[in-house]
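# Remarks on the overall topology
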Amino acid sequence: MAAPASAPPAPSSLKRIVAASLIGTTIEWYDFFLYGSAAALVFNKLFFPDSDPLVGTLLSFLTYAVGFAARPLGALVFGHYGDRLGRKKLLVLSLLLMGGATFAIGLLPTHATVGSAAPVLLTVLRLVQGFALGGEWGGAVLLVSEHGDAERRGFWASWPQTGAPAGQLLATGVLSALTALMSDAAFTSWGWRIPFLLSGVLVIVGLWIRLSVDESPVFKAALAQAEERRAAAGQAEKMPIVAVLRHHWRDVLVAMGARMAENISYYVITAFILVYATTEVELSKQTALNAVLIASAVHFAVIPAWGALSDRIGRRPVYLIGAVGVGAWMFPFFALIDTGSFGSLLLAVTVGLVLHGAMYAPQAAFFSEMFATRMRYSGASIGAQFSSVAAGAPAPLIATALLADYGSSTPIALYVMAAALLTVVAIVCAQETRHRDLNAVAAEPVRDVPAQSADARTA
């Protein structure tokens with residue numbers, strides 16, 4: 001028998017929960033994106049100084065990609081304990097890990113000081129960042145999704161998603177201000193450390209807010225029912241990862257496919273563009289950063305709008321708009337940048353991020369609605385983060401390598417279009433989820449979730 005739906009929280013309570021998730025994800029994405037921007041702008045000189053400039057950039061992006069390699073491990077560990085212990089505890093831990101690693105990067109000695117140990121230390125801290133972010137996303141979106149109701153879940157759950165452009169906005173804004181106020185020599189010497197050290201202050205603020213919110217009522221109800229079943233049956237539940245792979249493997253594949261275009265396009269548009277605009281088109285760092293900065297503000301504004309639209313017409317139609325749109329935009333995207341005009345560069349990046357938002361906004365509710373409560377953190381995190389290894393991790397690296405080999409943007413555009421095609425196939429194969437009640441299977445034993453019933457299986 002399904003668990004009774006819990007009463008939706010008061011608007012003020014829900015807004016506080018949304019704010020806690022948003023601020024936390026903003027800080028975590030600030031830390032993550034700050035590394036990506038620094039990798040494109042200065043890390044090649046500071047940690048790989050003996051390499052050709054483009055090769056140094058490739059090596060710098062390789063350490064950037066290493067962070068993605070740790071995200072699946074973070075998804076497994078945080079997903080397991082998040083489904084066993086609760087969303088809130090794990091979100092606090094992820095914030096501490098991410099902030100601590102970012103602060104430590106700001107204190108790192110460079111290659112000139114300690115030689116080859118510098119890139120090794122940088123890589124280790126990048127692994128910690130990736131591990132933390134792998135566990136952050138699932139918990140943040142679930143905390144909001146499980147507090148709200150189905151009618152506006154797409155809208156409310158999209159707010160933690162705005163943490164990505166907000167973090168990008170904050171990271172790019174700080175870097176843009178520093179490059180504007182400092183000489184290249186001063187920024188390369190010590191100025192690059194400032195935004196990393198600022199992370200320590202941001203983490204204190206984030207922890208204060210995160211510790212003030214309550215655990216998800218859906219999770220608490222499911223945990224209580226699991227304890228009752230364990231006492232009655234005398235046996236423990238299966239591990240969440242086992243239950244996910246048994247009952248939700250199709251949903252995991254759909255989530256991974258859905259992430260391909262979203263992840264690849266985002267890192268091409270926001271990270272690789274800094275390399276392409278400054279080396280191929282010979283625009284200044286400041287110009288490229290300003291374009292990403294303004295476009296990220298627009299991205300932040302449109303994500304809740306796309307989330308609200310997914311409540312009206314469904315998750316799948318909105319997601320398809322984004323996947324088809326971003327694939328079709330790639331050739332105009334590079335053609336506009338090649339003009340060398342700031343206005344054209346801004347238009348290219350802004351339209352690209354608006355279309356990306358159509359995929360990113362409904363993703364939180366969409367993935368949350370695919371999985372049952374006692375395996376939701378694991379399922380959503382695994383589907384989202386395992387795909388990042390094949391998608392977001394190598395995207396700037398592949399794009400840079402294609403540019404080095406072919407000296408043209410055409411292969412890069414085709415690369416993103418191929419990812420968009422994979423995502424379209426995944427979404428076409430998915431089922432619509434917007435009317436599902438997250439409480440519906442909270443009382444059912446994991447081992448008894450019927451594989452043939454999508455609605456029951458993914459409530």
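This text goes with the structure placed above it.
As the structure is a prediction and not an experimental result, all values here were calculated from the model.

### Quick notes on empty space enclosed by the protein
- With the rule as written, the count across this model stands at five cavities of 30 Å³ or more.
- Elements with a minimum of two residues in the lining of the largest cavity: helix H1 (11–41), helix H14 (249–280) and helix H17 (342–368).
- Here the lining of the largest cavity gets five residues from one element, more than from any other, and that element is H14.
- In terms of residue class, the lining of the largest cavity is built from six nonpolar, two polar and two charged.

### Re the pattern of salt bridges
- Tallied over the full model, the rule gives eight salt bridges.
- We note a salt bridge from Arg376 to Glu146, for which the minimum N-O separation is 2.9 Å. With a gap of 230 residues between them, Arg376 in helix H18 (residues 376–390) and Glu146 in the loop between helix H7 (117–145) and helix H8 (153–161) connect regions that are remote in the sequence.
- Taking the relative accessible area as the measure of exposure, Arg376 reaches 0% and is therefore buried.

### Some words on the packing of aromatic side chains
- Summed over all chains, the structure comprises 16 aromatic pairs.
- Both rings, one in Phe78 and one in Phe131, keep their centres 5.4 Å apart while their planes meet at 65°; by these two values the pair is edge-to-face. Placement of Phe78 in helix H4 (residues 71–85) and of Phe131 in helix H7 is noted, with a sequence separation of 53 residues between them. Both residues of the pair, Phe78 and Phe131, count as buried.
- Here the aromatic rings of Trp137 and Phe367 are separated by 5.9 Å at their centres, their planes lie at 75°, and the arrangement is edge-to-face.

Basis of the calculations
- Residues numbered from 1 in each chain as written.
- Predicted model: local features only at pLDDT ≥ 70, side-chain atom pairs only at ≥ 80, totals over all residues.
- Heavy atoms only, no water.
- 1 Å grid on protein atoms, 1.4 Å probe; cavity = no way out; pocket = protein on both sides within 12 Å on 5 of 7 lines; lining within 4 Å.
- Points joined across faces, edges and corners; volume = space filled by probe spheres on them.
- Helix = DSSP H or I, 4+ residues; strand = E, 2+ residues; numbered from the N terminus.
- Nonpolar A, V, L, I, M, F, W, Y, C, P; charged D, E, K, R; others polar.
- Salt bridge = Lys/Arg side-chain N within 4 Å of Asp/Glu carboxyl O.
- Buried < 20%, exposed > 50% of the residue type's maximum accessible area, 1.4 Å probe, protein only.
- Phe/Tyr/Trp six-rings, centres within 6.5 Å; stacked < 30°, edge-to-face > 60°.

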